[in-house]
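Here are the chains, one letter per residue:
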Amino acid sequence: MLRVGVVGCGAIGKEHIKRLNNKLQGVTVVVVSDVFEEGAKTAAALCDGKVYTDANALINDAEVDAIVCTSPGFAHVETVLAAIKAGKPVFCEKPLATTADDCKKIVDAEIASGKHLVQVGFMRRYDKGYIQVKEALDSGEFGAPLMLHCTHRNPEVGTDYTTPMAVHDTAIHEIDCLHWLVDDEYESAQVIMPGSTKYTHSELKDPQIMLLRTKKGICIDVEVFVNCKFGYDINCEVVCEEGVVKMPAPATPIIRKEGRLSTGIETSWINRFIDSYDVELQDWVNSVAKGEVNGPTAWDGYVAAVTADALVRAQQSGNIEAIVTGECPKFYK
Ligand code: ISE
C-alpha cells in the first residue's frame, strides 16, 4: 500500500484525497498539510490522516512514501524541490511552477538526484478522447498532421481572471497535450485578439485566438473563450494529409422534444475530465509502486512554462514570438 501525503488542502486537494482514498487501488492518504490549519483539519477528516501546517514536516515524515502537491501554483517549487531532496516521488498539479526558471531548477535538481521522481498533473494525456486521436495519428493511416483546430471554452470565470490567465490557467492544457499528440516541439507563438464579448471586463480580453507553430511546420489554432456562457466545450480536430481526425465529445442522450433534437453539453471542467483524473492518479500510484514515473515529466512542465511565457509575450506585443526550450536532456528521453 503506497502511503501518500497531500500538501495543500484546497478544492483540488480535497478532490484528490477522496479519489485516492475512496476510488483508487493500492494507495492511502496518511498525512495532509496546509498553512491554514483549519483547512488541513477538514481535509484530514476525509481520510483520517495526520495534520501538519508545514509541508517540510510532511515530506520528511517516515510514514510518507510519496507526495501529492495540490497547493497554489506559486508554492509548488518549494515542495517539489524538498521532495526531490528527500528522494520521494512527487505528483505535482499543474503548473509545475509559475516561472520557467523555477521549472528549470526542478529539472536540474531531478537530474542531479539521478532518479525520476516528478510527475506533472497534465491529465488530458489520460483522457480517452485524446488517446483515441493519438492512436489514430500514430497508426500512420492518415499521413502527417498539418493543422490542428481547437477550442477551449469555459461558461464563465471569476472577475479576478485576467488576460494572461487565459494562457497560464486555461490554454496550459492544450500547450501540454497538443505537442504530445503530434509528437513535435513548438517553435513560435502568436495571439490574435478579436473584439471582446460584453460579458468580460477591462482586464480580460475574451475571446483570444492562440496560434502555435511546431518545428515540423504544423499550425495550431486554439480559440480560448472563457465567458462563452453555454458550456465547457473542448474540441480538437487534426487535419492530416489523408484525412481529418476529430476528438469525440463525451456522449449524452439525444433528446427529441417540443420540435427540437438536442444533446447535452458539459458545464463543469471537473466533470468533463473526471475519468482522466482517476486514470492519471491510478497510473501514478501503480508506476510509483514499481519505482517508476510514466506520466508528464518535469521537462514537460518546463516546456509548458516556456511556451506559456511566449504566448503571454505575444498577447502583449501582437508579434510572433519564438519558443526556445533548448535540447531535451537525455535523462528525459
Ligand atoms: C482550470 O484551472 C482548469 O484546469 C480547466 O481545465 C480550465 O478549463 C479552466 O479555464 C481553468 O481555470
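Residues numbered from 1 in each chain as written. Predicted model: local features only at pLDDT ≥ 70, side-chain atom pairs only at ≥ 80, totals over all residues. Heavy atoms only, no water.

A. Spotlight on the pairing of strand β11 (residues 233-240). With respect to burial, β11 is a largely interior element, seven of its eight residues being buried. Across eight bridges, strand β7 (residues 145-153) lies against β11 in antiparallel orientation. Pairing of Thr-151 across the sheet is with Asn-235, part of β11. Sheet topology places β11 next to strand β12 (residues 243-246); four bridges connect them, and they run antiparallel. Across the sheet, residue Glu-237 finds its bridge partner in β12, namely Lys-246. Linking two consecutive strands that pair antiparallel, namely β11 and β12, is a turn of two residues. (Buried < 20%, exposed > 50% of the residue type's maximum accessible area, 1.4 Å probe, protein only. Helix = DSSP H or I, 4+ residues; strand = E, 2+ residues; numbered from the N terminus. Pairing = 2+ DSSP bridges.)

B. Molecular detail of the sheet that holds strand β3 (residues 50-52). Taken in spatial order, the six strands line up as β3-β2-β1-β4-β5-β6 in an open sheet, and their pairing is parallel. Each edge of the open sheet is held by one strand with a lone partner, namely β3 and β6 (118-121). Averaged over all adjacent pairs, the angle separating strand axes in this sheet is 25°, with direction ignored. Pairing analysis gives six bridges linking strand β1 (residues 2-7) to strand β2 (residues 27-33), with the strands arranged parallel. By the bridge assignment for β2, Gly-5 is matched with Val-31. Across the sheet, helix α4 (residues 76-86) is in contact with β1, β4 (66-69), β5 (90-93) and β6; its angle to β5 comes to roughly 170°. (Axes fitted to C-alpha atoms, helices over the stretch in contact; angles between N-to-C directions. Contact = heavy atoms within 4.5 Å.)

C. Up close: the pairing of β2. The element β2 is extensively covered by neighbouring structure, given that six of its seven residues are classed as buried. Following the chain from β1 across helix α1 (residues 11-23) to the adjacent parallel β2, one finds a crossover that is right-handed. As paired elements, β2 and β3 share three bridges and run parallel to each other. In the sheet register, Val-31 faces β3, and the bridge partner there is Lys-50. One crossover worth recording links β2 to the parallel β3 by way of helix α2 (residues 37-47), and it is right-handed. (Right-handed = clockwise from strand over helix to strand, strands pointing away.)

D. Main features of the site of the ligand. Neighbouring the ligand are Lys-94, His-152, Asn-154, Asp-169, Thr-170, His-173, Tyr-232 and Trp-269. His-152 is positioned with one of its side-chain polar atoms (N or O) 2.6 Å from an oxygen atom of the ligand. At 2.7 Å, a side-chain N or O of Asn-154 approaches an oxygen atom of the ligand. Calculation on the ligand without its partners gives an accessible area of 300 Å², and the protein chains cover 90% of this total. Of the residues in the shell around the ligand, the class split is two nonpolar, four polar and two charged. (Near = heavy atom within 4 Å. Polar contact = N/O pair within 3.5 Å; in protein donor to acceptor, adjacent residues only side chain to side chain. Areas by Shrake-Rupley, 256 points an atom, 1.4 Å probe, with all protein chains shown as cover. Nonpolar A, V, L, I, M, F, W, Y, C, P; charged D, E, K, R; others polar.)

Treat this as a map of the structure, not an account of what it does.
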